[in-house]
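# Examination of the molecular architecture
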Amino acid sequence: MSSTAPAPEPTDAELVVSDADERTTVAVLFGGRSSEHEISCVTAGGIMDVVDRDRYDLLPIGITKDGAFTLQADDPSDWALRGQELPTVPDNGTRVRFPVSGDSRELFVELPDGSVESLGAVDVVFPILHGPFGEDGTIQGLLETAGLPYVGDGVLASALAMDKHVAKAVLEHAGLRVAPWTTVLRRQWQSDPVDVAESVAAHGFPLFVKPARAGSSMGVSRVDDPAQLGAAMDLAFEHDSKVIVEPRVIGREVEVAVLEGRDGTPRTSLPGEIVVAEDGFYDFTAKYLGGDEQLLCPAPLTESETDEIRSIGARAFEAIGGAGLARVDCFLTDDGFVVNEVNTMPGFTPFSMYPRCWAASGLAYPDLVAELIELGRIAVR
């Protein structure tokens, strides 16, 4: 018998690449045209603050609310939360130009005086964008067209997960249990609100009304009686032309973070749990600015429950064709787990569940950022 014990399997934290001798240039895309512009800025600031500056050079590209791609200063403090104040990308007059050919990864910047300077070649793009025009496959398509490697999910997975109606259908087809729902188009609501109201009321109250292709609780309302439905629908339609209406699912809100493995096999974190106020509504303010909620990482689950939700997370990730990362949100009901949604670019703010789940699993925030960057570099689209 050998006197030397076999080497243990590496932990997730030890899987971070360590053989890169040359510095890597990472273009960080943040801001954007969606209603989640400010949260994208905060998330980008968090990543800028912890990235290993001995290995990575950052090129911060802030997208204004009007959609202008601007070159911003590499200063994490510019994008930090200040109490209840959220940062936005200012239009400083610069314009970043992407490669005109797939043969080059060189970016340029047009300065306010009209002169153009090279920003050098980019090794990988980290799109820290939430919601439409960023998390929905649009920016991923631009980057693929430009021939630029990028972090995270591809065009199809991003677009699919962003649309709550389509995502539910795909997850259900993959054998995963999802909450019942009704999808309502703006034209349907405008042409016959009474018929729509009668249809969704069949779910029973309370109801949750959500834009189908938005995130971070933007435009989401809880409806406790029929008199509140009209205002909730109008608010949701301010954010999207398609809305989903769901009954309240009675259960604990449990989430699991997914990180693509180097061989493509999904890695899953220990799950976390959101404990919210009595109204059962984890809204935008609570999620990002702090509230009465608690994030419990790891979640107080049995071993079998932990194994089950980690399996569900991996299956959901593979069902959408995920790459890089995702967070899978579930409800633990009296008769098992129900998948709520899959987020392909979950938040990285100080209050965010995704990095906290991985920290509880042994993968620290800086190592998580580095691993995502390296996964983006080696991704095969």
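Keep in mind the model is a prediction, meaning the values are calculated, not measured. (Residues numbered from 1 in each chain as written. Predicted model: local features only at pLDDT ≥ 70, side-chain atom pairs only at ≥ 80, totals over all residues. Heavy atoms only, no water.)

## Regarding the packing of aromatic side chains
Here the structure, examined in full by the defined rule, presents four aromatic pairs. Judged by centre distance (5.5 Å) and plane angle (90°), the ring pair of Phe69 and Phe98 falls under edge-to-face. Residue Phe69 is located in strand β3 (residues 69–71), and its partner Phe98 is located in the loop between β4 (95–97) and β5 (106–110); the two are separated by 29 residues in the primary sequence. Ring centres of Phe348 and Tyr365 lie 6.2 Å apart, and the angle between their planes is 20°; this geometry places the pair in the stacked category. Residue Phe348 is located in the loop between β17 (336–343) and α10 (353–360), and its partner Tyr365 is located in helix α11 (residues 365–378); the two are separated by 17 residues in the primary sequence. The exposure class assigned to Phe348 is buried, which follows from its relative accessible area of 1%. In textbook terms, an aromatic cluster arises when at least three aromatic residues are bridged by ring pairs, as seen for Phe348, Tyr354 and Tyr365. Above the ring of Phe133, the side-chain terminus of Arg33 is found at 3.9 Å from the ring centroid. (Phe/Tyr/Trp six-rings, centres within 6.5 Å; stacked < 30°, edge-to-face > 60°. Helix = DSSP H or I, 4+ residues; strand = E, 2+ residues; numbered from the N terminus. Buried < 20%, exposed > 50% of the residue type's maximum accessible area, 1.4 Å probe, protein only. Lys NZ or Arg CZ within 6 Å of the ring centre and 35° of its normal.)

## So, empty space enclosed by the protein
Summed over the entire model, instances satisfying the criterion amount to three cavities of 30 Å³ or more. When its volume is computed, the second largest cavity comes out at roughly 40 Å³. Around the second largest cavity, the lining residues are Pro127, Gly134, Glu135, Gln140, Val151, Gly152, Asp153, Ser158, Thr344 and Met345. (1 Å grid on protein atoms, 1.4 Å probe; cavity = no way out; pocket = protein on both sides within 12 Å on 5 of 7 lines; lining within 4 Å. Points joined across faces, edges and corners; volume = space filled by probe spheres on them.)

## Details of the pairing of β17
Taking burial as the measure, the eight residues of β17 include seven buried ones, the bulk of the element. Counted along the chain from strand β16 (residues 325–333) to the antiparallel partner β17, the turn is two residues long. (Pairing = 2+ DSSP bridges.)

## As for the layout of surface pockets
Taken as a whole, the second largest pocket spans an internal volume of roughly 200 Å³. Surrounding the second largest pocket, Glu260, Gly261, Arg262, Asp263, Gly264, Ala323, Leu375, Ile378, Ala379, Val380 and Arg381 form its lining. The residue inventory of the lining of the second largest pocket, partitioned by class, reads five nonpolar, two polar and four charged. (Nonpolar A, V, L, I, M, F, W, Y, C, P; charged D, E, K, R; others polar.)

## Section: the pattern of salt bridges
Tallied over the full model, the rule gives 19 salt bridges. The closest approach of N and O atoms between Arg262 and Glu371, which form a salt bridge, is 2.7 Å. Taken together, the residues span a long stretch of sequence, with Arg262 in the loop between β12 (252–260) and β13 (266–268) and Glu371 in helix α11 at a distance of 109 residues. Judged by its relative accessible area of 37%, Arg262 is partly exposed. For Glu371, a relative accessible area of 0% translates into the label buried. (Salt bridge = Lys/Arg side-chain N within 4 Å of Asp/Glu carboxyl O.)

## Observations regarding helix α1 (residues 37–50)
Taking 1.5 Å as the rise per residue, α1 with 14 residues should run 20 Å; its terminal C-alpha atoms sit 21 Å apart, in good agreement. For α1, a buried count of 13 out of 14 residues is recorded, marking the element as mostly surrounded by other parts of the structure. (Expected span 1.5 Å × (residues − 1).)

## Let's talk about the state of the cysteines
Under the criterion given, the structure shown has zero disulfides. With no disulfide of its own, Cys357 has Cys297 as its nearest cysteine by sulfur position, at a separation of 4.2 Å. (Disulfide = S-S within 2.5 Å.)

## Things to note about the packing of α1 against α11
To characterise two packed helices, one gives the angle between the axes of the helices and the distance between these axes. Where α1 contacts α11, the axes come no closer than 9 Å and their chain directions differ by 100°. By the angle class used here, α1 and α11 are roughly perpendicular. Only Tyr365, Pro366 and Val369 of α11 make contact with α1, whose side of the interface consists of Thr43, Gly46, Ile47 and Val50. The residue makeup of the contact of α1 with α11, split by class, is five nonpolar, two polar and no charged. (Axes fitted to C-alpha atoms, helices over the stretch in contact; angles between N-to-C directions. Parallel < 35°, antiparallel > 145°, perpendicular 65-115°, else oblique. Contact = heavy atoms within 4.5 Å.)

## Observations concerning the confidence of the model for the protein chain
Overall, the prediction assigns the protein chain a mean pLDDT of 89, with 89% of residues at 70 or greater. Every residue in residues 1–20 scores below 50 in pLDDT, and together they form 20 contacts with partners more than four places removed in sequence or on other chains. (pLDDT = per-residue confidence, 0-100.)

## A look at the sheet that holds strand β8 (residues 182–185)
Spatially, the four strands line up as an open sheet ordered β8-β11-β9-β10, and their pairing is antiparallel. With one partner strand each, in any of the chains shown, β8 and β10 (221–223) form the two edges of the open sheet. Across the sheet, the mean angle from the axis of one strand to that of its neighbour is 25°, orientation sign disregarded. Along the sheet face, helix α6 (residues 193–201) touches β8, β9 (207–211) and β11 (242–247) and points at about 165° away from the line of β8.

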